[in-house]
Amino acid sequence: MSQPQLRPVKVGLLGIGTVGGGTFTVLQRNQEEIRRRAGRGIEIAMVADLNTERAKELVGNAAQVVADASAVIANPEIDVVVELIGGYGIAKKLVLDAIAAGKHVVTANKALLAVHGTEIFAAARAKGVMVAFEAAVAGGIPIIKALREGLTANQIQWVAGIINGTTNFILSEMRDKGLDFDVVLKEAQRLGYAEADPTFDIEGVDAAHKATIMSAIAFGVPVQFDKAHVEGITKLSATDIKYAEQLGYRIKLLGIARRQNNGIELRTHPTLVPMRRLIANVEGAMNAVMVQGDAVGTTMYYGKGAGSEPTASAVVADLVDIARLIDAAPAARVPYLAFQPDSMSTLPILPIEQVVTAFYLRLRVADKAGVLAKITGILAEQGISIDAVIQREADEVSGEGNQTDLIILTHDTKEGAMNQAVAAMQALPTVLAPIVKLRKEELA
Ligand code: NDP
Ligand code: HSE
């Protein structure tokens, strides 16, 4: 006996730019395959975009196009609102309005969730609606699904990832083609990788948003972007990239969340990673996330982290999940942040001074006797153990022979101790320029 046909799920799309356009195209192209998987059709019935002309060109007669996003939310026929506008402003209001109207929500907006997630998930829970956000972290890679469901047996120990395509693209192109920072950033914008405000990419904010979301799902803590340590790639110099390579390391912008006994490390910064690690060889706009669980060991997820259809792939996967679960009781669904809302952990996010990691230091110093002894003495006073010291020939550095670069790799140490050592070393008259301090992770 054949099953009765379920009515299609009706979707309202807010914003039909890079990701919205991809979502529409993928759903149209693969609709039959998607229907077979979801067990019912998924139809974009309404589209809102400020540029209605451009939207109509893409959508044709397939959906109603409006300029006012609230008209989509007000439509009682719409089951799911897909927010693909971005930012914390109008997007937040629209998401909360959609939830208040009893709509399920899909969003790719990591900024919104990292900052206002607690409020949004509480509102959704009160209304019994789903909020799905696979596209918010690492574009097309199903890392949310992996963390929230696939690895659910594990105590997650750490998560570390290249989770910003724009900066990885910039670092790769600068290194391989010798192109200038600004030229590569423009290309990333042209390809649709960059955020509306590209400083979010290059200053590490976007990666920190994503790391914040992953920390919540990995450890069952609330999203706390305000406590994340954030550094981007704008202060990174070609000299350090070159020295790191000579030492067998590659510098990547990593988002890291790690469980310590007394709290959670949540940090985004340029990081030296051994070149022999797979993740060190992730190039261009590709993303990769490593997850260490107590049962599974280390796993790694790799794929396109940005762009129209790769990100749409994640948005549509969320729509399929919602279509399958739309008639299920809320208690039967996977919790928003993987852990039951009344079982969240109160472990604090640790201040950066308490983070434990290894370091790369570069000191431009006067090339004379006793300099190295003073520097190693200061490190010893702080209990910092040295892994390696390398001196670059003076003429390689200045051509004058009176100064040189000292590169020091340390073993794991608390950042607070390292900061004190750096301040003491910086005060030496023989240290001639600001000391470069980068973190190093073995990811073993
Ligand atoms: P775009 O700027 O390409 O698209 C946003 C669209 O929303 C534009 O068409 C814009 O119109 C429209 N819009 C702006 N304000 C309104 C409004 N009030 N009502 C209706 N429409 C509006 O952004 P993306 O597609 O790149 O990004 C969308 C979201 O996806 C963001 O949260 C982003 O962080 C996230 N994301 C993006 C990825 C990517 O690779 N691009 C990857 C993963 C996530 P107009 O152009 O006229 O302003
Ligand atoms: N701007 C983001 C990036 C888009 O470059 O990774 C994907 O989230």
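These numbers were taken from a predicted model, which means no experiment stands behind them.

What to know about the domain arrangement of the protein chain
Reasoning step 1: Looking at the protein chain, the domain boundaries give domain 1 (9-141 + 309-343), domain 2 (143-304) and domain 3 (356-440).
Reasoning step 2: The straight-line distance from the C-alpha centre of domain 2 to that of domain 3 is 26 Å.
Reasoning step 3: In this complex, domain 2 contributes 18 residues to the contact, which on the side of domain 3 involves 14 residues.
Reasoning step 4: Around 1,400 Å² of area is buried between domain 2 and domain 3 when both sides are counted, 55% of it from carbon and sulfur atoms.
Reasoning step 5: In this structure, the connection of domain 2 to domain 3 is made through 2 salt bridges.
Reasoning step 6: Glu231 serves as the salt-bridge partner of Arg439, at 3.0 Å between the closest nitrogen and oxygen.
Reasoning step 7: Counting every contact that joins domain 2 to domain 3 gives 9 residue pairs in polar contact (both at pLDDT 80 or more).
Reasoning step 8: Elements that contribute at least two residues to the side of domain 2 that touches domain 3 include exactly helix 12 (238-246), strand 9 (249-260) and strand 10 (263-274).
Reasoning step 9: No other element matches strand 10, which puts 6 residues into the side of domain 2 that touches domain 3.

Some thoughts on the site of ligand 2
Reasoning step 1: Around ligand 2, the neighbouring residues are Lys110, Asn164, Gly165, Thr166, Tyr193, Ala194, Glu195, Asp201, Asp206, Lys210, Gly305 and Ala306.
Reasoning step 2: At a separation of 2.6 Å, a nitrogen atom of ligand 2 approaches a polar backbone atom of Tyr193.
Reasoning step 3: At a separation of 2.7 Å, an oxygen atom of ligand 2 approaches a polar side-chain atom of Lys210.
Reasoning step 4: Protein chains bury 94% of the 250 Å² of accessible surface belonging to ligand 2 in isolation.
Reasoning step 5: Secondary structure elements with two or more residues in the shell around ligand 2: helix 8 (165-177) and helix 11 (205-219).
Reasoning step 6: Looking at the shell around ligand 2 residue by residue, the classes come out as 3 nonpolar, 4 polar and 5 charged.

A short note on the site of ligand 1
Reasoning step 1: For ligand 1, the set of nearby residues contains 23 residues, the closest of which are Val19, Asp49, Arg54, Glu195 and Gly307.
Reasoning step 2: Between an oxygen atom of ligand 1 and a side-chain N or O atom of Lys110, the distance comes to 3.1 Å.
Reasoning step 3: For ligand 1, an oxygen atom lies 2.7 Å from a polar atom in the side chain of Glu195.
Reasoning step 4: Looking at side-chain class alone, the shell around ligand 1 contains 10 nonpolar, 9 polar and 4 charged residues.

Things to note about the sheet that holds strand 2 (residues 42-48)
Reasoning step 1: A sheet is described by the order of its strands in space; here 6 strands give the open sequence 3-2-1-4-5-6, paired in parallel fashion. Here the strands that pair on one side only, and so sit at the sheet edges, are strand 3 (64-66) and strand 6 (131-132).
Reasoning step 2: Two strands pair when backbone bridges link them, and strand 4 (residues 80-83) and strand 5 (residues 104-107) are joined in this way by 4 bridges, in the parallel orientation. In the sheet register, Val80 faces strand 5, and the bridge partner there is His104.

Thoughts on the environment of Gly284
Reasoning step 1: Looking at where Gly284 falls in the secondary structure, it is placed in the loop between strand 10 and strand 11 (286-293).
Reasoning step 2: Classification of Gly284 by relative accessible area gives buried; the value is 15%.
Reasoning step 3: Among residues more than four places away in sequence, those in contact with Gly284 are Gly165, Asn168, Phe169 and Ser172.

Describing the pattern of salt bridges
Reasoning step 1: A full pass over the atoms with the stated rule returns 35 salt bridges.
Reasoning step 2: The partner of Arg54 in a salt bridge is Asp49, with the nearest N and O atoms 3.3 Å apart.
Reasoning step 3: By relative accessible area, Asp49 is classed as buried at 9%.
Reasoning step 4: Ionic pairing is found between Glu265 and Arg267, a salt bridge with its closest N-O pair at 2.8 Å. As far as burial versus exposure is concerned, Glu265 and Arg267 are alike and both buried.
Reasoning step 5: A single network of salt bridges, built from pairs that share partners, joins Arg175, Asp176, Glu245, Arg250, Lys252 and Glu283.

Details of the packing of helix 6 (residues 110-127) against helix 11
Reasoning step 1: Their axes nearest at 8 Å, the elements helix 6 and helix 11 cross at an angle of 55°. What the angle tells us is that helix 6 and helix 11 run oblique. As helix 6 packs across helix 11, the resulting crossing turns out to be left-handed. Contacts between helix 6 and helix 11 involve Lys110, Ala111, Leu113, Ala114 and Val115 from the former and Asp206, His209, Lys210, Thr212 and Ile213 from the latter.
Reasoning step 2: Residues of the contact of helix 6 with helix 11, tallied by class, amount to 5 nonpolar, 2 polar and 3 charged.

Considerations on the nonpolar core
Reasoning step 1: Of all hydrophobic cores here, the largest spans 85 residues; its most connected members are Phe133, Ile143, Leu147, Ile213 and Val291.
Reasoning step 2: The element best represented in this core is helix 11, accounting for 10 residues.
Reasoning step 3: Ala108, Ala314, Leu319 and Ile326 belong to the second-largest nonpolar core, a separate cluster that totals 34 residues.

A closer look at the pairing of strand 2
Reasoning step 1: The buried fraction of strand 2 is high, at 5 of 7 residues.
Reasoning step 2: Bridge count between strand 1 (residues 9-14) and strand 2: 6 bridges; the pairing is parallel. Opposite Leu14, over in strand 2, you have Ala48 as the bridge partner.
Reasoning step 3: As paired elements, strand 2 and strand 3 share 3 bridges and run parallel to each other. In the sheet register, Ala48 faces strand 3, and the bridge partner there is Val66.
Reasoning step 4: Each parallel crossover has a hand, and the one from strand 2 via helix 3 (residues 52-59) to strand 3 is right-handed.

Concerning helix 8
Reasoning step 1: Under the 1.5 Å per step criterion, the end-to-end length of helix 8 is 17 Å for 13 residues, consistent within 8% with the ideal 18 Å.
Reasoning step 2: When helix 8 is considered as a whole, its buried residues turn out to be Gly165, Thr166, Thr167, Asn168, Phe169, Ile170, Leu171, Ser172 and Glu173.
Reasoning step 3: Where helix 8 is buried, its residues contact strand 7 (156-162), helix 9 (181-190), helix 10 (199-202), helix 12, strand 9 and strand 11.
Reasoning step 4: Looking one or two places after helix 8, you find Gly178, whose phi comes out positive at around 65°.

Quick notes on the rules
Residues numbered from 1 in each chain as written. Chains lettered and ligands numbered in written order. Predicted model: local features only at pLDDT ≥ 70, side-chain atom pairs only at ≥ 80, totals over all residues. Heavy atoms only, no water. Domains from an automatic or database assignment. Contact = heavy atoms within 4.5 Å. Buried area = accessible area lost by both parts, 1.4 Å probe. Salt bridge = Lys/Arg side-chain N within 4 Å of Asp/Glu carboxyl O. Polar contact = N/O pair within 3.5 Å; in protein donor to acceptor, adjacent residues only side chain to side chain. Helix = DSSP H or I, 4+ residues; strand = E, 2+ residues; numbered from the N terminus. Near = heavy atom within 4 Å. Areas by Shrake-Rupley, 256 points an atom, 1.4 Å probe, with all protein chains shown as cover. Nonpolar A, V, L, I, M, F, W, Y, C, P; charged D, E, K, R; others polar. Pairing = 2+ DSSP bridges. Buried < 20%, exposed > 50% of the residue type's maximum accessible area, 1.4 Å probe, protein only. Axes fitted to C-alpha atoms, helices over the stretch in contact; angles between N-to-C directions. Parallel < 35°, antiparallel > 145°, perpendicular 65-115°, else oblique. Left-handed = near helix turned anticlockwise from the far one by under 90°. Core = buried A, V, L, I, M, F, W, Y, C linked by side-chain atoms within 4.5 Å. Right-handed = clockwise from strand over helix to strand, strands pointing away. Expected span 1.5 Å × (residues − 1).

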